[in-house]
Amino acid sequence: MGSAASPSHQPQHVRALARAHQVRRARSELKRKIARGERSVPEVLVACPSHAATMSIGELLTTQKWWGSERSRRLLVATGVSERTSISNLTERQRTAIAALLELRAGRANHGTGPRGFTS
């Protein structure tokens, strides 16, 4: 009997810990991809992957380069969403509105303005 027990035979708390570890690793990888520019926050908001569903919108926004808590807070105040709201608790309309605002700001940043909106 040298083999490991199958996941279905493990106690519930062990399976829960393993699942939590998987989610943490997936979120960590997602954050790295966003920071490197391989994924965008609007893309994540629209797709809402399962490992990001319980992540707060404030945490997701601050993952972006040049985004801190103040910039995130200002964007969320404009949309009427709390920064503590989890992504899965956002309505489709809220997700779409936040994604659209982010795309608009990204478009402005690519047209000659710096990270704070000042022209270069």
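Scroll up to find the structure this text is about.
Residues numbered from 1 in each chain as written. Predicted model: local features only at pLDDT ≥ 70, side-chain atom pairs only at ≥ 80, totals over all residues. Heavy atoms only, no water.

Peer 1: How do you make sense of the overall build of the protein when you look at a structure like this?
Peer 2: Along its length, the protein carries five helices and zero strands. Along its sequence from the N terminus, the protein presents helices and strands in the succession α-α-α-α-α. In the protein, which comprises 120 residues, the proportion classed as buried is 29%. Long-range contacts, defined here as pairs at least 24 residues apart, represent 55% of the contacts in the protein between residues at least 6 apart. Only carbon and sulfur atoms are counted for the fraction: they give 54% of the accessible area of the protein, which is about 8,100 Å². (Helix = DSSP H or I, 4+ residues; strand = E, 2+ residues; numbered from the N terminus. Buried < 20%, exposed > 50% of the residue type's maximum accessible area, 1.4 Å probe, protein only. Contact = heavy atoms within 4.5 Å. Areas by Shrake-Rupley, 256 points an atom, 1.4 Å probe, with all protein chains shown as cover.)

Peer 1: Sorry, what's going on with the environment of Thr54 here?
Peer 2: With respect to the element layout, Thr54 can be found in the loop between α2 (41–47) and α3 (57–62). Note on Thr54: relative accessible area 58%, which makes it exposed. Counting along the chain gives 34 residues from Thr54 to Ser88, while the straight-line C-alpha distance between them is 6.2 Å. Look past the residues within four positions of Thr54 in its chain and what remains in contact with it is Arg27 and Ser86. Among the polar contacts listed, one links the side chain of Thr54 to the side chain of Arg27, at a separation of 2.3 Å. (Polar contact = N/O pair within 3.5 Å; in protein donor to acceptor, adjacent residues only side chain to side chain.)

Peer 1: Is there a simple way to think about the side chain of Thr63 in this case?
Peer 2: Within the secondary structure layout, Thr63 lies in the loop between α3 and α4 (69–79). Given the relative accessible area of 13%, Thr63 is considered buried. Once residues lying within four places of it in the same chain are set aside, the contact partners of Thr63 are Lys31, Ile34 and Ala35.

Peer 1: Explain the environment of Arg19 to me, please; I cannot follow it from the model alone.
Peer 2: Take Arg19: it is sitting in helix α1 (residues 12–36). Residue class for Arg19 comes out partly exposed when judged on its relative accessible area of 43%. Between the C-alpha atom of Arg19 and that of His51, which follows or precedes it by 32 residues, the distance is 10.0 Å.

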